[in-house]
Structure formats: C-alpha cells, structure tokens
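Chain residues, written in single-letter form:
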2 protein chains.
Amino acid sequence: MSGNRPTLEAVAARAGVSRATVSRVVNGGAGVRETLRERVHRAVAELGYVPNQAARTLVTRRTGAVAVVIAEPESRVFSDPFFARQLRGISGALAAADTQLVLLYVADREDYPRIGRFLAGGHVDGALMFSLHRDDPLPGMAAEAGLPVVYGGRPGWPGAAAEPGLLYVDTDNRAGAELAVRHLLGRGRRRIGHIAGPLDQTSAVDRLAGYRAALAAGGAAGDAGDAGGGGASYGGPGDPEPGHPGPGRPELVAEGDFTPAGGERAMAELLARAPALDAVFAASDLMATGALRTLRAHGRRVPDDVAVVGYDDLEPATWTEPPLTTVHQDVEGMGTSMARMLLHRLGGGPERQDPVVTTPRLVVRESG
Amino acid sequence: MSGNRPTLEAVAARAGVSRATVSRVVNGGAGVRETLRERVHRAVAELGYVPNQAARTLVTRRTGAVAVVIAEPESRVFSDPFFARQLRGISGALAAADTQLVLLYVADREDYPRIGRFLAGGHVDGALMFSLHRDDPLPGMAAEAGLPVVYGGRPGWPGAAAEPGLLYVDTDNRAGAELAVRHLLGRGRRRIGHIAGPLDQTSAVDRLAGYRAALAAGGAAGDAGDAGGGGASYGGPGDPEPGHPGPGRPELVAEGDFTPAGGERAMAELLARAPALDAVFAASDLMATGALRTLRAHGRRVPDDVAVVGYDDLEPATWTEPPLTTVHQDVEGMGTSMARMLLHRLGGGPERQDPVVTTPRLVVRESG
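These numbers were taken from a predicted model, which means no experiment stands behind them.

Draft legend 1. Local environment of the overall build of chain A. When you go through chain A residue by residue, the secondary structure sums to 14 helices and twelve strands. The proportion of buried residues among the 368 residues of chain A is 56%. Taking all contacts inside chain A whose residues are at least 6 apart in sequence as the whole, residues at least 24 apart take part in 73%.

Here it is in structure tokens:
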C-alpha cells in the first residue's frame, strides 16, 4: 500500500513494451505473443510489481460489482430505449450471478478523468462499455486499471480489428442496413436517402457501408438527381468504399445523432437536396420518428410519397403513425451476452473467447 | 483488516443501544441524545472499535464517489422522465464538486442484500436514495454501513418524522394536490376522482391527503353518486383522515403505480364506479396520459366531459392531446439540492441541516 510500489510504467519501460501490453499480460495475457509475455513476466518479477487488481484481490477478493459505462449524457441514456433494453439484459445476467450493476455515464468530456479514477479504484471487477465514440479514452483507462472489459459494439479505434482477445458483442450492422435498402429497392424505390448515425461510431459507419453496398448492387445509387450538388458528400475521389456513387454524384446521406431531433434535421436536409426522394433509411428508429415528423410537416405521405425504414425495432417503432418497417436486433440478448462474456472472463474461464455478432432481420410494417 | 475486528453489533450490545444508534454516533452523532452518545463512545473505546467508514478513510481517504440508489426496476427508471430529470440536477451538482455519480437501481427484492454489500463495501462516500417504498431496507443498510444519506421524498418509515437530523428534499405534495383539486372545483367540477400513486410511498399518500382536504374544504366530497359502492375504499369508519367523505360514501379513488398503464387501469376502474364523473386528478403526468387514453376509448371528451389534471409538469404533460393542466415541481432543482446537501455533509459542514421542501405551483393548460 506504500507509494513506492513499482508502477506499470516501470514494468513497461523495463520490458520495452507498451503499458497496454503489460496490462494485458498481468490480466491473463490473452492476445499477447509468447515472447512479449515472457519479457513482461521477467520485468514483473525483477521489479516486484504487484498489479492493482491483484493488490485489490489480495485485500478484498472480488468486489462482486461490475461497471456499466455508457459514453453518453443522461439526456440520451434516459431517452433512448436502446440503453434501457440493453441494461435489462445485462441486469438479468448479472443478478443471476449475484453481481452488482454499477451504472456510470458520461455527461461531459470533463467527466473522463474522474471516471478513470473510479474504474482504477478497485470498486468493480470489470466493465461493460457501450456507445463509445472514436478516440474515446475509456478503453485506455480500463487497460491502465487492469480491468477486464467487454464492449457493446465493435470497437473502432485504430488497430482494434487486429487486436486479438478483444471482447465485444455486436450485431451485423452492415448486413442489417443491406436488408433495409434491398427491401426498399424491391418495392421499386429509386431515390433512397440515408440518415446516418454519428460517424464516429462503428454502428453508424457500418450501416452507412451497408446502404452503399446495397445501392451499388441494386443499380440505384442514391443519386440525388434533382439535387443542386450542395450538402456534404461522404467519401469522394480518394474513397474506395464499395457502393459509393463516385465523384460528381453527391450521396443522399445526412448525418444525424441517433436522436429524434437529429432525424428531423437530417430529413429536412435530404428533402432540400433531393425534393423527389422516394425513400429514406434511418440508422435508428428514433431518427426515423424525427424523419416522419419532417415528412409530415412537408406534406409528404408515408409510405405513398416517401417510404421510411428504421433500425432497432424497439417500442417507438410500433408507436409511430404509420408503424415503422425496421431492422430488428436483439438488444436485450446482446446485453445478456455482454454480461455473460465478462462473467466468464472474471470467473477464470478460458482466456480466448470470440466476439459475438448477431444477425439482424427485417420487420415489415406500414412505413415502407 | 483482520476478521477479528470488533463489530458494530458488539458495540451496540456493550452500550445497550441499537445498531442504528451506534452507526449514527460514529458518523457524527446528529440526533442522538448526549447520554446515549457517551455510552456509545465508551463502548467504542473499550472495544477498540473502528467503524468501516473510518477504516476506509484511513486507507484511502475519500472515494470521491456517491451512490444514487433508485428503488425501482430499470423499466421504470428508464421510462419515467422524473428520474432522468432528477438525475440531471444531481449530476450537475456532483460534477461541480468533481464527485463521481454511481447509479444503482433495484430490479427485484432479491437485489437488496447485494446492494447492501456494495454500500457497505467502501466504494462510495454517501448515498442519495429515492423512490423508497414503505419497509424499504435501504435506509437500514445505509445506517449499518455508516453511510450518510439524503433522501428524495419524505421518508415514511415509522418514527421517521420524529428523527432529528434526517436529511431529505421534497416538494409539498399535499399543497400541490390541494391546488389541483381546488382548481377543478373552481371550474365547477363536482364529481372529482383521484388516481393515486402507490400508497406505500409518501408522495402518493400526501397527494391523496391533499385531494381529500380540498374536497372537504370545497364541499364537493368526491361522492361517487351513481356508483354502486363497489371498488376499494381508502379509509373508513376508523380513519380520521381529514377530508374523507365518511362511512357509506365510497371515495372516488383508485390506486395506480405512477405508470401510464396504471393510469389507464385506474381510470377504467373510476369510470366503472362513477360513469358521471366530471374530473380526475392524477398523482403523476404519466398516469394522466394513461387516463386520457382510457377516456378517449370510452368516448369521453377532455376537458368538455371530463377534466384531467396531472402532477409533475415534465415533458409528457406538453405532448398529450390536449396538453395537461398539471402541478409543477422543480424536479431538477430538487436533485441539485439533494446532491448539495450530501456534499455539505460529506465536506464537514454543520451537522444540522434542515430538510428542503419546495412549493409546487399549478400550470393551467387545456386538459382541465
């Protein structure tokens, strides 16, 4: 407990590896090459390093608690049914293992250092993190704290895809978006816009990729047609993304933020750029509800003039007028999987677990 | 850190007092008689007792974290905007003091022992608790853990009113209900029903008392009139509650659960008992939205046939058709006050703070 304990940094310097690598090794070594692992073990032995978690375990054993960290402010956490539903799955699985759920959310970027201190303070045995944005400091904080983590949604930081041992649960967002857009094409829609989620999140990026791929395969390229060429264009001459309509043909894509208000604004932007648009695929049901409001305000009938397809298939999809055709993902089940994966890890299960990626399906209602 | 440390129980036995009294004394002594305090101090000294919190403070100082415990399952925490709004106030005040908010909720009665362990585990410096139900074990757990607590809503356990030093923030629920019912009487309504909240919560009990008092003062006694006398009657011959219409005249009160579905059911019950009812005061806006649905389904026009008044004045009050006349309470401000009161206590401010009780006001919209 003295202040002179050798630090993680000292071990990293002695072993000639990164702090993240040291952290991974002292927490089980999943995904670290044998040679590196040996160097770290040697440095740990030479310096007499005791990792935080081990120190904690010596004193108190387990805390019996797991943090759920949502990288969103409470205004979103408490208004987007996605979070409540995922938490229902998590709560059930943690309760079954008599493990306390401790919910932390990020109201502001200034909250991060404090959350990092809490995560490093020995108050929880592991963490479930979701709705991470690009460059989110949370994964680094968890690594420094030696805290096992399971992510909700494929982590998007540079190099994440190649990191072995990374635990996450996701749905195949690209396949889901393709289902939605192919459905619209199959119904004869040809000017299909997309309301994307925030493009610093992989779910939004993957759904955009699915939209592009379906359009490219279907021949209808989301051509703005009557658009003046204004508005932001994602991708461009240097962008090899499949399905992109190519330079000179602006995509019918507007970025929202997964909220109803963001969907309203994005829909208005799409209508201004392409008044003759005949369908829109929104990357979440909440954004679709906003799109419906904008379409109504502009006198467009749904689905007669403009077909609308959402994503998630949570309660709001059935409350709208007309009810939403949408892509169903098993949000509660994903929460359950995340919790079980972490419990398995904490319980000393095999180091190597594979990410879980669920398959979405289309639910056809009246909006498109 | 050994298992042989003298326990709180041992101190209580030696001093001949309750565990709660020992806990209160070792945490500052607020509200404990001088003679008892001395007995506890002597027992503590003789046994060499170190309270959990002190042990914790010796080792780690403060954790810098505060628990917010909501005694409701996530289905309510995440669907009732009351909680989000109160948390917004709490978050802001805690963040300003660089204190981490740790949210715990109670999905099931079986969760209590685990929550008790977490609260006693030295992971937080204090707790804010709200939506407690009668006989809720949380206050006792906090007392045993030596954890300072501020309650949201007047605690309702037996003897709570007489307990000095009890910290809580509330709104004057009785006065708010009186405002609502007097408004309806002033508009000429004479058969006024009440959809109560769960009567194991003081907010619901106090609003019911306000409804009764206003009816008694106004002369219209919520007489069921054409009712057949069926249905539950709160109070009765042995009940001295002011405003009760007295034996033989069943009250037009149905108990809901603060949810829209509960409001729907309660409204149907009231209509069945008193088809000629001309107004209803619901103890929450969410229950009022349910009442509106039932009234619509029964072909009643609002406010023409039946006037509806809610309570809370959160977002749903403005979304309904027609928008709700309701009782406004400053929910976010109450959250801010709770957090500040606890921070003051944790920061070593004067032991004695008075509960904060805010004054509600009526907001007249179109429903009544």
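Draft legend 2. Structural view of the relation of the copies chain A and chain B. With an RMSD of 0.2 Å, chain A superimposes on chain B once it is rotated by 179° and translated 0.0 Å along the axis. On the angle and the small slide along the axis, the relation comes out as a two-fold axis. The share of interface residues of chain A whose copies in chain B are also at the interface is 96%, consistent with both copies meeting through the same surface.

Draft legend 3. Structural context of the side chain of A:Thr320. All names here are of chain A. With respect to the helices, strands and loops of the structure, Thr320 is situated in the loop between helix 13 (316-319) and strand 10 (325-328). Among the residues examined, Thr320 registers a relative accessible area of 11% and is labelled buried. In this structure the side chain of Thr320 is engaged in a polar contact, spanning 3.5 Å, whose partner is the backbone oxygen of Ala317.

Draft legend 4. Quick peek at unusual backbone geometry. Each neighbour pair has its own omega, and for A:Glu321 with A:Pro322 the value is -5°, a cis peptide bond. If you trace the backbone, A:Pro322 turns up in the loop between helix 13 and strand 10. Positive phi outside glycine occurs at B:Ser131, with the angle close to 65°. Looking at the element boundaries, B:Ser131 is found in the loop between strand 3 (126-130) and helix 8 (138-145). For B:Phe258, which is not glycine, the phi torsion reads 70° and is therefore positive.

Draft legend 5. Broad picture of the packing of helix 9 (residues 173-186) of chain B against helix 10 (residues 202-218) of chain B. Residues and elements named next belong to chain B. Relative orientation of the contacting elements helix 9 and helix 10 amounts to 40°, with a least axis distance of 7 Å. Judged by the inter-axis angle, helix 9 sits oblique to helix 10. Two packed elements cross with a definite hand, and for helix 9 against helix 10 that hand is right-handed. When helix 9 is examined against helix 10, the residues Asn173, Arg174, Ala177, Glu178, Val181, Arg182 and Leu185 are found in contact with a partner set consisting of Ser203, Asp206, Arg207, Ala209, Gly210, Tyr211, Ala213, Ala214, Leu215 and Gly218. Residues belonging to the contact of helix 9 with helix 10 are distributed by class as follows: eight nonpolar, four polar and five charged.

Draft legend 6. Local environment of the pattern of salt bridges. Under the definition given, this model contains 34 salt bridges over all chains. Of the charged contacts in the structure, one is a salt bridge between B:Arg154 and B:Asp206, with a shortest N-O distance of 2.7 Å. With B:Arg154 in the loop between strand 4 (149-152) and strand 5 (168-171) and B:Asp206 in helix 10, this pair connects stretches of sequence that are 52 residues apart. On the basis of relative accessible area, B:Arg154 is assigned to the partly exposed category, the value being 29%. For B:Arg265, the salt bridge goes to B:Asp257, with nearest N and O atoms at 3.6 Å. Relative accessible area serves as the criterion here: at 54%, B:Arg265 is assigned to the exposed category. B:Asp257 sits in the partly exposed class, given a relative accessible area of 27%. Because the salt bridges share partners, they merge into one network encompassing A:Asp98, B:Asp111, B:Arg114 and B:Arg117.

Draft legend 7. Geometry of the pairing of strand 8 (residues 279-282) of chain A. Residues and elements named next belong to chain A. Because side chains alternate across strand 8, one face comprises the buried residues Ala279 and Phe281, and the other comprises Val280 and Ala282, equally buried. Relative to strand 8, strand 6 (residues 192-196) runs parallel, the two being bridged by four bridges. Within strand 8, the position partnered with His194 by the bridge is Phe281. Two strands pair when backbone bridges link them, and strand 8 and strand 9 (residues 307-312) are joined in this way by three bridges, in the parallel orientation. Bridging across to strand 9, Val280 finds its partner in Val308. Where the polypeptide runs from strand 8 across helix 12 (residues 285-297) and back to strand 9, its parallel neighbour, the crossover connection is right-handed.

Draft legend 8. Quick look at the nonpolar core. Grouped together as the largest cluster of nonpolar side chains are 57 residues, with contacts concentrated most on A:Val68, A:Phe78, A:Leu128, B:Val68, B:Phe78 and B:Leu128. Broken down by element, this core gets its largest block of residues, eight residues, from helix 14 (residues 331-346) of chain B. In contact with A:Val68, other than residues within four places in its own chain, are A:Leu87, A:Ile90, A:Leu101, A:Val102, A:Leu103, A:Leu104, A:Leu128 and A:Phe130. A:Tyr112, B:Val106, B:Met141 and B:Leu166 belong to the second-largest nonpolar core, a separate cluster that totals 50 residues.

Draft legend 9. Representation of the sheet that holds strand 8 (residues 279-282) of chain B. Residues and elements named next belong to chain B. Spatial ordering of the open sheet is given by 7-6-8-9-10-12, a layout of six strands whose pairing is mixed. Each edge of the open sheet carries a strand with a single partner, namely strand 7 (253-255) and strand 12 (361-363). Looking at each pair of strands side by side, their axes are set apart by 20° on average, direction ignored. In the sheet, strand 10 (residues 325-328) pairs with strand 12 via three bridges, with the strands oriented antiparallel. From the neighbouring strand, His328 faces strand 12, where its bridge partner is Arg361. Running over the sheet, helix 12 (residues 285-297) touches strand 6 (192-196), strand 8, strand 9 (307-312) and strand 10 and is turned about 160° from strand 9.

Draft legend 10. Molecular detail of the environment of B:Pro164. Residue and element names in this part refer to chain B. Mapping Pro164 onto the fold places it in the loop between strand 4 and strand 5. Accessibility expressed as a relative area gives 39% for Pro164, which makes it partly exposed. Along the chain, Pro164 and Arg352 lie 188 residues apart, while their C-alpha atoms are 8.6 Å from each other.

Draft legend 11. Spatial organisation of the interface of chain A and chain B. The interface is formed by 27 residues belonging to chain A together with 27 residues belonging to chain B. Sorting the residues of chain A by area buried against chain B places A:Phe78, A:Gln100 and A:Arg114 first, and these three jointly supply 29% of that buried surface. Between chain A and chain B we count six salt bridges in total. Among the ionic pairs, B:Arg117 bridges to A:Asp98, the shortest N-O distance being 2.9 Å. On the surface where chain A and chain B come into contact, there are 14 residue pairs in polar contact (both at pLDDT 80 or more). When contributions to the side of chain A that touches chain B are tallied by element, the ones reaching two or more residues are helix 5 (74-77), helix 6 (81-96), strand 2 (100-105) and helix 7 (112-120) of chain A.

Draft legend 12. Representation of the confidence of the model for chain A. All names here are of chain A. On average, residues of chain A score 85 in pLDDT, and 84% of them reach the 70 mark or higher. Note on residues 53-60: pLDDT under 50 across the span, and 15 contacts to partners over four residues away in sequence or across chains. In the predicted structure, residues 223-247 sits below a pLDDT of 50 and forms 46 contacts with residues beyond four places in sequence or in another chain.

Draft legend 13. Focus on the packing of helix 6 (residues 81-96) of chain B against helix 14 of chain B. Residue and element names in this part refer to chain B. One can describe the packing of helix 6 onto helix 14 by two numbers: an axis separation of 7 Å at closest approach and a directional angle of 40°. With respect to each other, helix 6 and helix 14 are oriented oblique. In the crossing of helix 6 with helix 14, the sense of the turn from one axis to the other is right-handed. Of the residues in helix 14, those touching helix 6 at Phe82, Arg85, Gln86, Arg88, Gly89, Ile90, Ala93 and Leu94 are Val331, Glu332, Met334, Gly335, Thr336, Met338, Ala339, Arg340 and Leu343.

Draft legend 14. The arrangement of the side chain of A:Ser284 in detail. Residue and element names in this part refer to chain A. Here Ser284 shows up in the loop between strand 8 and helix 12. Judged by its relative accessible area of 4%, Ser284 is buried. For Ser284, the residues in contact, after removing those within four places along its chain, are Phe258, Gly310, Tyr311 and Asp312.

Draft legend 15. Representation of the sheet that holds strand 10 of chain A. All names here are of chain A. On the basis of which strands lie adjacent, the open sheet formed by six strands has the order 7-6-8-9-10-12 and mixed pairing. What marks the edges here is a single partner per strand, and that holds for strand 7 (253-255) and strand 12 (361-363). Averaged over all neighbouring strand pairs, the angle between strand axes comes to 20°, with direction disregarded. Strands in contact with helix 12 are strand 6, strand 8, strand 9 and strand 10; relative to strand 9, the strand with the most contacts, it is inclined by about 160°.

Criteria and cut-off values
Residues numbered from 1 in each chain as written. Chains lettered and ligands numbered in written order. Predicted model: local features only at pLDDT ≥ 70, side-chain atom pairs only at ≥ 80, totals over all residues. Heavy atoms only, no water. Helix = DSSP H or I, 4+ residues; strand = E, 2+ residues; numbered from the N terminus. Buried < 20%, exposed > 50% of the residue type's maximum accessible area, 1.4 Å probe, protein only. Contact = heavy atoms within 4.5 Å. Least-squares fit on C-alpha atoms with pLDDT ≥ 70 in both. Polar contact = N/O pair within 3.5 Å; in protein donor to acceptor, adjacent residues only side chain to side chain. Axes fitted to C-alpha atoms, helices over the stretch in contact; angles between N-to-C directions. Parallel < 35°, antiparallel > 145°, perpendicular 65-115°, else oblique. Left-handed = near helix turned anticlockwise from the far one by under 90°. Nonpolar A, V, L, I, M, F, W, Y, C, P; charged D, E, K, R; others polar. Salt bridge = Lys/Arg side-chain N within 4 Å of Asp/Glu carboxyl O. Pairing = 2+ DSSP bridges. Right-handed = clockwise from strand over helix to strand, strands pointing away. Core = buried A, V, L, I, M, F, W, Y, C linked by side-chain atoms within 4.5 Å. Buried area = accessible area lost by both parts, 1.4 Å probe. pLDDT = per-residue confidence, 0-100.

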